Amino acid sequence: AAAGGLALSARAAGRTQASPSSASGSLVFDPDGYTELTTTVTDTAGTEHQVTYHFWKAITYVAKPVDAKYQSLNVSVPVEIDGVAVDASDAPILLANTVGGYMPSTVTEATGVGASGGPVGGGGGAGGGTASTGPAPSASASAPGANGNTNANGGALNTNQYLALGAGYVVVEPGARGRTLVNSAGEYYGVAPTVIVDLKAAVRYIRANKGRIPGDTDRIVSAGTSAGGAVSALLGASGDSPLYDRYLEELGAADASDAVFAAGAWCPITDLEHADGAYEWNWGANALTTGKQVDAAVSKALTAQFAQYQAGLKLKGLNGFGPLNARNYDAYLVRQYLEPSATTYLAALSDTARATYLAANTFITWENGKASFSWADFLTHVGARKKTAPAFDAFDLSTGENNEFGTGTTAARHFTQYGLDNDTTGLTAKRLDGDIPELLRLMNPMHFLTGKPNAGRSRHWWIRLGTKDSDTSLTVSANLAAAADGLGDRVDHLYYWDQGHGANTDPGDFIAWIAEVTG
Ligand code: DHB
């Protein structure tokens, strides 16, 4: 798909209807409570489309919000595209979360579709978050928008939302509480599992308003990137699980299904309690950006944990590959994802550009229109790893994930036994806090796709990851895909060659995929 710059010129036009979208405590969607806006959407072929749409802003989606700034959603419904009236009353609904870094995300200041500021505290968009506790997850600022779509904040963000609107879909953008929120009593009120509880409440709100809210409430397609990809996958995996009921009741969530039809996840930062091991298995040989190596003993111990975990999963690879384990996963990644990814990339180049690339990357053999290379050479090609060891449950409690598992007035906690065992902050406890296992269960899509699979899960999965993304292990999304595939679900998973964290280089394909799976 050609890169097409999207010039967003959202402006209020025409009538503005009554505002506060939901009266306090009411979860009834007001069909008339919109503003009419226009915007220009440039599709992936570079063609501009004039889109008139109705925009509902800052609708609080729970009856008893803890913080409505975050527990609110925006709705955008196209009514005219290129001068032709469109009826989106039965269109698929793209539920695009704006979560990044497990940070709070709000849409209440948005001036139109895709124009939310993204994670609070960041420059907007996935992973832009700056942590107030521990180091920021420091995602690249190039989160979705690889085709050049921009929003009112000037960032290259929210491509999926624009393209979906231009394709005639309904777009719902929910905010959600996030890990850095602290109340006046010093309590962290946006830590796990609030992000997923909030997003589920948003889904329930949409479902409960079937017939009032435009769009087909049985065709909700979730999307998100990075931490947002993790919670999008979790939304897909955990649909209608009773495990969340008490949290949802507490918020006064609408009484309706929270299952979603399909889940899109870009570079999902998920399976957190196993991610440290997976990270060392994958990137353990790679030096840090400082040129230094991580602690070899730590890396080795974690790698051994991955071997045990992966064997226990008993997941088969896609396309007939046998059970995945720590010994064959490199071959699997190379064959199933990395070589095809490089092949796609190289095939799209001109002969000259391809020759130049291959001359600069002699580890790749290009034969009969196919790229091949070894895992070791691939790792060298990627270069510096982004994170130290352990990557997620840091001994000094400094990661965003440590904060995500905070509780009460405790900003950060360990969520792995290994992290706790090696704690450097002076903790004396020998065991993880008693609530940690349940939080891990509630936060990890893998628990709903392995063992006894969750019946209410999505049956359609779109998963994407850059080959140079060392924010987590390349096995994380591959395991997600393998788990869903093993259950017979439809899985579309590929890796973007040489792309880093947050990439979305085939957004037009995602929009077409939505039409296909919901059609
Ligand atoms: C994100 C990135 C990370 O590296 C991480 O650990 C968690 C979240 C993000 O970009 O959302």
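Up top is the structure these notes are about.
Counting from 1, residues in each chain are numbered in the order their sequence is written. Owing to the predicted nature of the model, reporting of local features is limited to residues with pLDDT of at least 70; listing and counting of side-chain atom pairs is limited to 80 or more, with chain, interface and lining totals taken over all residues. Side-chain descriptors were evaluated using all non-hydrogen atoms of the structure, hydrogens and water having been removed beforehand.

Draft legend 1. Quick peek at the overall build of the chain. Along the backbone of the chain there are 15 helices and 13 strands. Summary of the burial criterion: residues with accessible area below 20% of their type's maximum are buried, those above 50% are exposed, and those between are partly exposed, where the area comes from a 1.4 Å probe applied to protein chains only. Sorting the 519 residues of the chain into buried and exposed places 60% on the buried side. In what follows, residue pairs with any heavy atoms lying within 4.5 Å of each other are defined as contacts. Counting only contacts in the chain whose residues sit at least 6 apart along the sequence, the fraction spanning at least 24 positions is 71%. For the accessible areas, the method is Shrake-Rupley and the probe is 1.4 Å, while residue cover comes only from the protein chains on display. Accessible surface computed for the chain: about 18,700 Å², of which carbon and sulfur atoms make up 51%. Under the scheme used here, helices are H or I runs from DSSP no shorter than 4 residues and strands are E runs no shorter than 2 residues, and both carry numbers assigned from the N terminus.

Draft legend 2. Just the packing of aromatic side chains, in detail. To pair, rings of Phe, Tyr and Trp, with the six-membered ring standing in for Trp, must have centres within 6.5 Å; the planes then decide the type, stacked if under 30 degrees apart, edge-to-face if over 60, and tilted in the middle. All chains considered together, the criterion is met by 25 aromatic pairs. Between the aromatic rings of F395 and Y418, the centroid separation amounts to 5.8 Å while the plane-to-plane angle is 55 degrees, which identifies the pairing as tilted. Of this pair, F395 sits in the loop between α9 (375-382) and α10 (400-404) while Y418 sits in helix α11 (residues 417-421), and the two are 23 residues apart along the sequence. Given a relative accessible area of 16%, F395 falls into the buried group. Residue class for Y418 comes out buried when judged on its relative accessible area of 17%. Taking 6.0 Å as the distance between ring centres and 20 degrees as the angle between the ring planes, the aromatic pair formed by F510 and W513 counts as stacked. Here F510 and its partner W513 are both found in helix α15 (residues 507-518), three residues apart, which amounts to about one turn of the helix. The pair F510 / W513 is uniform in exposure class, with both members buried. Cluster of aromatic residues (ring-pair linked, three or more members): W281, F306, F321, Y329, Y332, Y337, F363, F373, W375, F378, Y495 and W497. Over the aromatic face of Y244 sits the side chain of K200, whose NZ or CZ is 4.4 Å from the ring centroid. Comment: the charge-over-ring label is applied if NZ (Lys) or CZ (Arg) is within 6 Å of the ring centre and within 35 degrees of the ring normal.

Draft legend 3. A look at unusual backbone geometry. Here the amide bond leading from A192 into P193 is cis, since omega sits at 5 degrees, within 30 degrees of zero. With omega at -10 degrees, the peptide bond leading from A389 into P390 counts as cis. Its place among the elements puts P390 in the loop between α9 and α10. Phi is positive for C267, which is not a glycine, with a value near 35 degrees. As for its position among the elements, C267 is in the loop between β9 (262-266) and α5 (272-283). Although it is not a glycine, N319 adopts a positive phi angle of roughly 55 degrees. Note that N319 resides in the loop between α6 (296-313) and α7 (329-347). According to the relative accessible area criterion, N319 is exposed, its value standing at 63%.

Draft legend 4. Highlighting the pairing of strand β13 (residues 490-496). A pair of strands is considered paired only if DSSP assigns at least 2 bridges between the two. Bridge count for strand β12 (residues 460-466) against β13 is seven bridges, and the pairing is parallel. When the sheet's bridge partners are listed, W462 is paired in β13 with D492. Handedness is read with the strands pointing away from the viewer; a crossover is right-handed when the path from the first strand over the helix to the second is clockwise. Regarding topology, helix α14 (residues 474-486) serves as the crossover connection from β12 to the parallel β13, and that connection is right-handed.

Draft legend 5. Local environment of the nonpolar core. We call a set of buried residues a nonpolar core when its members are Ala, Val, Leu, Ile, Met, Phe, Trp, Tyr or Cys and they connect through side-chain atoms within 4.5 Å of each other. Membership of the largest hydrophobic core comes to 135 residues, with the highest contact counts inside it found for V75, L333 and F510. Ignoring any residue separated from it by four or fewer positions in sequence, one finds V75 in contact with F29, H54, F55, W56, I59, V170, V171, V172 and I213. Residues L288, V298, F395 and Y418 belong to the second largest nonpolar core, which totals seven residues.

Draft legend 6. The arrangement of the packing of α7 against helix α8 (residues 351-360) in detail. Taken N-terminus to C-terminus, the directions of α7 and α8 make an angle of 135 degrees; their axes are 9 Å apart at the nearest point. Between α7 and α8, the interaxial angle falls into the category oblique. From α7, Y345, L346 and A347 reach across to α8, where they touch R354, Y357 and L358. Gly falls in the polar group here, along with every residue not listed as nonpolar (Ala, Val, Leu, Ile, Met, Phe, Trp, Tyr, Cys, Pro) or charged (Asp, Glu, Lys, Arg). Each residue belonging to the contact of α7 with α8 can be placed in one class, and the counts come to five nonpolar, no polar and one charged. Axis geometry follows a simple rule: fit a line to the C-alpha atoms, using only the stretch in contact for helices, then measure angles between N-to-C directions, giving values from 0 to 180 degrees. Any angle that falls under 35 degrees is termed roughly parallel, while one over 145 is termed roughly antiparallel, one within 65 to 115 roughly perpendicular, and all others oblique.

Draft legend 7. Inspection of the environment of K468 at higher detail. Tracing the chain through its elements places K468 in the loop between β12 and α14. Sequence separation of K468 and D498 is 30 residues, and the distance between their C-alpha atoms is 5.3 Å. Excluding its chain neighbours within four sequence positions, the residues that come into contact with K468 are H381, V382, D498, Q499 and G500.

Draft legend 8. Layout of the side chain of S241. Looking at the element boundaries, S241 is found in the loop between α3 (227-237) and α4 (245-250). On the accessibility criterion, S241 (3% relative accessible area) is buried. The residues contacting S241, other than those within four sequence positions of it, are D258, F448 and N454.

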